[in-house]
Amino acid sequence: MIPVFFGMTALVFFLSNMTPGSPIDAMITPEMNVEDIAILEHKMGLDQPIYIQYFKWLGRLFQGDLGNSYRTGQPVIRAIAERVGPTLILTLTVLVLAILVGVFLGVVAACKPYSFWDTLASGLSFLGSSMPGFFVALILIYVFAVKLGWLPTGGMYTNANTHSFGDFSKHLILPVVSMALASAGNYIRQTRSAMLEVMGEEYVKMARAKGMREQVVLYVHALRNAMLPIVTCIGMSVPGLVGGAVIIEQIFGWPGMGSLMVLSVTYRDYPVIMGITMYITIAVLLTNLAMDFVYAVLDPRIRN
Amino acid sequence: MEDTVLLKVDHLRTFFKTKTGVLPAVNGVSFTLKSGEILGVVGESGCGKSVMSMSILKLIEKYGGKVQEGSSIELQGRQVLGLSEKVMCNLRGKEIAMISQDPMTSLNPVFTVEYQMVEMICRHTEMTKKEASAHALFWLKKVGIPEPEKRLKEYPHQLSGGMCQRVIIAMALSCDPKVLIADEPTTALDVTVQAQILDLLRKLRDDVNAAIILVTHDMGVVASMADNIMVMYAGRAVECGTTHQIFKAPKHPYTQGLLASVPRMDKQEDKLYAIPGNVPNLTQKIEGCVFRERCDQCVGKCAKEAPPQFLLDGGQKVRCWLYEQEAKEICDE
Amino acid sequence: MKTEKNNKTRNVFIKDAVGRFVRHKVAMVSLCILVFEILVIVFLPLIIKLDPYSSYPGQFGVAPGGQFIFGTDDVGRDVFARIIYGGRVSLSVGFISAIISACIGVPLGLLAGFYRGVIRGIIMRLVDIFMSFPALVIQLVLVMVLGASERTLTLVLGLLGWTSYTRLVYSKVLSVKEEIYVEAAKSTGATDFTQMVKYILPNSLAPVFVTFSFAVAGNILAESGLSFLGLGVQLPTPTWGNMIRDAQTVSTLMYRPWMWIPAGVVLVITVVCINFVGDGLRAALDPKIKI
């Protein structure tokens, strides 16, 4: 965990140093000569060895200082804070929906192989992994927003006056479905194969021989053990989920960090880009930590 | 000891549909089991013993097998094969219990011993969780587990193989079943532990007067445990009799071969005897006796017609043409 | 003599695997579709005249029909021609970047599995780090730094996609390493390198092909995603992704579906077929899976 943390942050730091321009560019005036610039660099700590700069940068990070946006001049941290909420709502809803649908369909597919449910689940799973989220989004917009007019084409609310839960939900549906399809497809496949493998185990046979009802055998004995690889898969899908959010937010004009990312890339607003990347890094690391905790809860063999 | 017939199996046939054809894993097996009796079912791997056990519990369908029409399994006079799954679930564990080959994998790794035992006890009795827990503890003591209070709260991976098997035996007997099917209960255990587990089973049989079907490939195990023995080959019973009869005077060439294969301490042997050949491919129809290819005593008739089971003096049954003359009658097949 | 036996076993294994793949109907159909597609993309421009770059004067946003099978886009370019040429770009980016990833990932996996210890520690930590990053975000940053073009995109996707190979090869090497014939080679004095390349590598390779096909599909999707955002292959070079980009304007989305739907459909079909082929490979190489 710790080495991964330092590795990731070091990578982000390295990347941010690769971006053209330096923090002092804004401060250099035409009257300055080389020595003045050197003094300025020294004042900013830019002449120190790279690892010292890295730790100082980390330090500033933990104090919330991510620099200022090239585009707006505002502190990066404020721009991120404004946008975190919508992205979190979007990604968490997608995660929950995809897990519920994916795990349920996966279990059903495993218990009734080659049935209608199994075919549906497998079909959905394939579609999810093969159709890019943005294409799904466009088709959904075309069908539901444009042709049928049932749902809005984008944004988080219809206008400033309609901040109701109902209006918000209507705007949330299409983005969530676009993203959830790919994730659910993945979870269906993982759940199905994990369940199939567990269902062949001796303790499942023993549970049946004990006279436990089939539902208990499946959902208590089998699923509990299948959850381990499923949870691993969910944990590993989180980075992908974050990436998917970028494109979906862009298409739907969802005011989250993803669309801010695209905006900043277009404007070459490096501080914001690095700030978002940093934020995502920390979020992913926290997710990994949470996953480790969940494993310990699920599997007593790991607890020692 | 009462002599009631607890289990009566007649013409049991279980088959699997495979890509290469229909596989009759159990092909017409009949036997009775009386209370207090230990029936040893012996045979090589693949002879259908485990499929038979699963068929009796009506579990084989979940694993791809089908019990054929015309088979009959009567548990205390009640026809099992016609029962619904719901009723069957009530029977399993309560009237008839099973323990399996590998104790380490037969317990769910994510639940404690207590949870798995209490779950079963509460399922089949009216006890509360607390009462069930006490009952589980009682049984753990009864199977001879040291420090049972501690073990109750532990997880399967913290127990040794022998202790796991004791837990499983305790669990299987905790709801007082009349019949216990022990499917290779000692195969995965060390020899010393084997002896302990077998002693335990014998003691428990005496205590609760349950009947045990002891399935194994080990002749030594049945010699010390079983009252009666049924020798299986390729899904059929080829010889049945009391343990004394089978060991003193094995009639079927296969039984003779099995006994000859057991290494002996009192004889000098250069080479261990093994029955030549392999179990035939059962998906293909076999003309005549199914053991023909490996038999060193077969006669002309063996190739043309499959022998029925002959009943001999003393109650021994053999499925072999060699005993056609001395047979008292032909057992109904 | 041990190697001869192993070579023979391997040949039988390959024959078996090919047989199993052929029986996997869906994979075979997908493979045929893909081969047909690749043939069209490569050879059609040589047979008929296709120009994806020139604007046909006066033919802006024309619906399909007559000269233009899929109509024209806003600037008057032939959509069908752009799909064919776009296919060249999308497929080549997908394949080449997957190859680059394999060239990085497989050796790393071999090293990690063979040497264990510190080397394994470093390599697997790197895998953890790279896998934890949201791929798209790092791709965006790198593309921004290096500039967006077909070449940099291929490089970026290649440099970021090696982790799945490493993980796979690492676990395969662990099991193969314990085999007798490797021990035999070691005892006859084979160098580390020989052991790795001659004995361990060929036997660890099968799953790599499966990963490769899924990697190609994934990279094609990644490229189209980046191009869709305008941060991938730049116009006027067509790629399926940047053709779908046009749909972001409402008028194109609603009134000129021929400009983006065909590109999307071709993209989906291609990726689906590659995924099915990958599935077929996986079934073919693992005898335990029933077909």
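Residues numbered from 1 in each chain as written. Chains lettered and ligands numbered in written order. Predicted model: local features only at pLDDT ≥ 70, side-chain atom pairs only at ≥ 80, totals over all residues.

A closer look at the arrangement of the chains
- The highest contact count of any of the two pairs of chains in contact belongs to chains A and C.
- There is no contact between chain B and chain C; across them, the least C-alpha separation is 11 Å. (Contact = placed C-beta atoms within 7 Å.)

Section: the interface of chain A and chain C
- With 35 residues of chain A at the contact, the number on the chain C side is 31 residues.
- Among the elements of the structure, α1 (2-18), α5 (116-130), α6 (133-147), α9 (214-252), α10 (257-267) and α11 (270-298) of chain A are those that each provide at least two residues to the side of chain A that touches chain C.
- Residue contributions to the side of chain A that touches chain C peak at eight residues, all from α9 of chain A. (Helix = DSSP H or I, 4+ residues; strand = E, 2+ residues; numbered from the N terminus.)

Considerations on the environment of E95 of chain B
Residue and element names in this part refer to chain B.
- Within the secondary structure, E95 sits in the loop between α2 (85-91) and β7 (96-99).
- Overall, E95 belongs to the buried group, with 20 C-beta atoms counted inside 10 Å.
- It is 9.9 Å that separates the C-alpha atoms of E95 and L6, two residues lying 89 residues apart in sequence.
- With sequence-adjacent residues up to four places away left out, E95 is seen in contact with L75, P177, K178 and V179. (Buried ≥ 20, exposed ≤ 12 C-beta atoms within 10 Å, placed from the backbone.)

A closer look at the environment of Q316 of chain B
- The topology assignment puts Q316 of chain B in the loop between β12 (310-311) and β13 (317-318).
- For Q316 of chain B, a count of 19 C-beta atoms within 10 Å corresponds to the partly exposed category.

Remarks on helix α11 (residues 253-261) of chain B
- Listed as buried for α11 of chain B are P253, Y254, T255 and L258 of chain B.
- In this structure, the buried side of α11 of chain B is in contact with β3 (38-42), α9 (219-225), β10 (228-233), β11 (236-242) and α10 (243-248) of chain B.

Some points on the packing of helix α10 (residues 206-228) of chain C against helix α13 (residues 261-285) of chain C
Residues and elements named next belong to chain C.
- Taken N-terminus to C-terminus, the directions of α10 and α13 make an angle of 165°; their axes are 8 Å apart at the nearest point. Of the possible angle classes, the one that applies to α10 and α13 is roughly antiparallel. Like other packed secondary-structure pairs, α10 and α13 cross with a definite hand, here left-handed. Residues A206, P207, F209, V210, S213, F214, V216, A217, I220, L221 and S224 of α10 form the contact with α13, whose own contacting residues are L267, T270, V271, I274, N275, V277, G278, L281, R282 and L285.
- For the contact of α10 with α13, the per-class residue count stands at 15 nonpolar, five polar and one charged. (Axes fitted to C-alpha atoms, helices over the stretch in contact; angles between N-to-C directions. Parallel < 35°, antiparallel > 145°, perpendicular 65-115°, else oblique. Left-handed = near helix turned anticlockwise from the far one by under 90°. Nonpolar A, V, L, I, M, F, W, Y, C, P; charged D, E, K, R; others polar.)

So, the nonpolar core
- In this structure, L138 of chain A, L214 of chain B together with I244 of chain C are the most contacted members of the largest nonpolar core, which totals 251 residues.
- Mapping this core onto the domain boundaries places at least three of its residues in each of domain 1 (5-95 + 179-197 + 205-280) and domain 2 (105-176) of chain B.
- Once residues within four sequence positions are removed from consideration, L138 of chain A is found in contact with I251 of chain A together with I244, A247, L253 and W260 of chain C. (Core = buried A, V, L, I, M, F, W, Y, C linked by C-beta atoms within 7 Å. Domains from an automatic or database assignment.)

With respect to the interface of chain B and chain A
- Contact residues are listed per partner, giving 23 residues for chain B and 18 residues for chain A.
- When contributions to the side of chain B that touches chain A are tallied by element, the ones reaching two or more residues are α2, α3 (103-106) and α4 (113-124) of chain B.
- Per element, the largest residue contribution to the side of chain B that touches chain A is four residues, and it comes from α4 of chain B.

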